[in-house]
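Reading the structure
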Amino acid sequence: MLLSPATKLTAVLCSASALTGPRRQALAFAFQKSSNNDALLYRRPAAAHYLLSRSQQHTCTHRNMSTSASTSASTDTTSSSPQEQVPYRVALLQFPVSHSKETNIQTATDYINEAASKGAKLIVLPEIWNGPYATAAFPEYAEILPSIGDDLSAMDDIDKSEQQKQCPSFDLLRRKAMEHNMYIVGGSIAENEDDKIYNTCMCIGPNGELLAKHRKVHLFDIDVPGGIRFKESDTLTGGSTVSVFDAGEPFGKIGVGICYDIRFPELAMCMIQRGCRMLIYPGAFNLTTGPAHWELLQRGRAVDGQCFVLTASPARVEAPASASAEDDKDGNSDSSSKYPHYTAWGHSTVVSPWGEVLAKCDEKPGIVVCDLEMGKVEEMRQGIPTGNQKRGDLYTFEDRTA
């Protein structure tokens, strides 16, 4: 994970390897000084990392959520109490996804609660977090989701409403947004509407309102020789909207895409033209495209739009040893399970308007927490005013959905 002292940014990568099961143990941490003189690195076995700016007054703790016990990375006594919410703090949730929707919903619950305890005001979940990333699996895990403007009051009933039963994943996100008074960019889940399946991101405000609903516009149909073959269009239908919502101060307008959407600068520019200061892409790049393009594309969109770019990926779950080499080439098929195995690249990331990687994690489960200096957007746009320097006499750009 990286930290740029120039941004006066606090970045925290919290291991969540112990967050998904009911049996959690108090964890002991070893302390060491990072090679970066401007940061302190806290480690524990199994790759839990905490990176804190030395100029900040935050302490580093791991809260054991199954008991009242907590341990500090330093020798000082620290409180295990949740941190007060910070208005400009974001959290990227990178957690493992299983074939059990019930387990995935519980995992998401744990991670959301942990991010809230770190003071996050806005959180981002990964792409396809409630079931396996496999075209054949999408119809089974799909939910009937509400639309913007729908009356969601029935979902507030203590007894499970029909609406809740149709969309348990969305119900969780909505309840947690209200419980923690936060904005949730809900990664994505498969959606079923009129016998069509979409890859859909639900964006929810602190009062439980559905602020944006983005259906993945560009479907992931690729065939990389010697790499990976995948065709979302076998099952999915592409969306047809440019998705933007207003998160108020300090974040302002936020644009949302999903994974493969990040490869299309035209979509990003539509969102920038609508006033976005931040672009968010839940994604699940693979081991072929991930190391080559994941960070590159994020930095490209950040520099193009002179904005922050946030991404959240599922944590990497390696293919079972039983998978053959041919299966792996064709999408990491696992013959011992119902659906093919997909290995995500991970590396959830925050990029600044300057194109700097401010914070990121590796492929393991974790939470990336960043304090964003939103003033950097205006600073960048004023210093390098490309938005005012377009040559309309030579070329034009048209947002046909505006």
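Provided above is the structure to which this section pertains.
Residues numbered from 1 in each chain as written. Predicted model: local features only at pLDDT ≥ 70, side-chain atom pairs only at ≥ 80, totals over all residues. Heavy atoms only, no water.

Below, the discussion takes up the sheet that holds strand β19 (residues 349-351). Spatially, 6 strands are ordered β15-β16-β17-β18-β19-β20 in an open sheet, and the strand pairing comes out mixed. Two strands bound the open sheet, and with one partner strand each, they are β15 (243-246) and β20 (357-360). Strand-to-strand twist in this sheet, taken as the mean axis angle between neighbours without regard to direction, amounts to 20 degrees. Here β15 pairs with strand β16 (residues 253-256) via 4 bridges, running antiparallel. If you follow Asp 246 over to β16, its bridge partner there is Lys 253. Against the sheet, helix α5 (residues 265-273) contacts β15, β16 and β17 (276-282), and its axis sits at roughly 145 degrees relative to β17. (Pairing = 2+ DSSP bridges. Helix = DSSP H or I, 4+ residues; strand = E, 2+ residues; numbered from the N terminus. Axes fitted to C-alpha atoms, helices over the stretch in contact; angles between N-to-C directions. Contact = heavy atoms within 4.5 Å.)

Moving on, we come to the packing of aromatic side chains. Taken as a whole and judged by the stated rule, the model has 11 aromatic pairs. For the pair Tyr 133 and Phe 138, a centre-to-centre distance of 5.8 Å together with 70 degrees between the ring planes defines the contact as edge-to-face. Residue class for Tyr 133 comes out buried when judged on its relative accessible area of 8%. Take Phe 138: its relative accessible area is 2%, and that puts it in the buried class. Ring geometry for Tyr 260 and Phe 264: centres 5.6 Å apart, planes at 75 degrees, overall edge-to-face. By relative accessible area, Phe 264 is classed as partly exposed at 26%. (Phe/Tyr/Trp six-rings, centres within 6.5 Å; stacked < 30°, edge-to-face > 60°. Buried < 20%, exposed > 50% of the residue type's maximum accessible area, 1.4 Å probe, protein only.)

The next subject is the pattern of salt bridges. Pairing of side chains with opposite charge becomes possible as their charged atoms draw close. Following the criterion strictly, the structure yields 22 salt bridges and no others. Of the charged contacts, one joins Lys 338 and Glu 140 as a salt bridge, the two residues approaching to 3.0 Å between their closest N and O atoms. With Lys 338 in the loop between α7 (325-329) and β19 and Glu 140 in helix α2 (residues 138-141), the pair connects residues that are 198 residues apart, well separated along the chain. A salt bridge links Glu 295 to Arg 299, with the nearest nitrogen and oxygen atoms 3.8 Å apart. Of the two residues, Glu 295 and Arg 299 are both situated in helix α6 (residues 290-305); the distance of 4 residues between them amounts to about one turn of the helix. The class of Arg 299 is partly exposed, set by a relative accessible area of 39%. Residues joined in a network through salt bridges with shared partners are Glu 191, Glu 193, Lys 213 and Arg 215. (Salt bridge = Lys/Arg side-chain N within 4 Å of Asp/Glu carboxyl O.)

As for its position among the elements, Arg 89 is in strand β7 (residues 89-94). Arg 89 gets classed as buried once you look at its relative accessible area, which sits at 3%. Only 2.5 Å separates the side chain of Arg 89 from the side chain of Asp 371, close enough to count as a polar contact. (Polar contact = N/O pair within 3.5 Å; in protein donor to acceptor, adjacent residues only side chain to side chain.)

Formed by 50 residues in total, the largest nonpolar core has its most connected members in Phe 245, Phe 251, Met 278, Leu 279, Leu 310 and Leu 372. A total of 6 residues in this core trace back to one element, the largest contributor, which is α5. Other than its neighbours up to four places away in sequence, Met 278 contacts Phe 251, Lys 253, Ile 254, Gly 255, Cys 307, Phe 308, Leu 310, Leu 372 and Met 374. Membership of the second largest hydrophobic core comes to 29 residues, among which are Ala 91, Ile 105, Ala 108 and Ile 184. (Core = buried A, V, L, I, M, F, W, Y, C linked by side-chain atoms within 4.5 Å.)

Turning next to unusual backbone geometry. Following Glu 249, the chain continues to Pro 250 via a peptide bond in cis, the omega torsion being 5 degrees. Turning to its location among the elements, Pro 250 is positioned in the loop between β15 and β16. Of note, the phi angle at Asp 195 is positive, near 65 degrees, even though the residue is not glycine. Mapped onto the secondary structure, Asp 195 falls in the loop between β10 (189-193) and β11 (196-204). Phi angles above zero are rare outside glycine, and His 347 is one such case at about 60 degrees. Its place among the elements puts His 347 in the loop between α7 and β19. Take His 347: its relative accessible area is 14%, and that puts it in the buried class.

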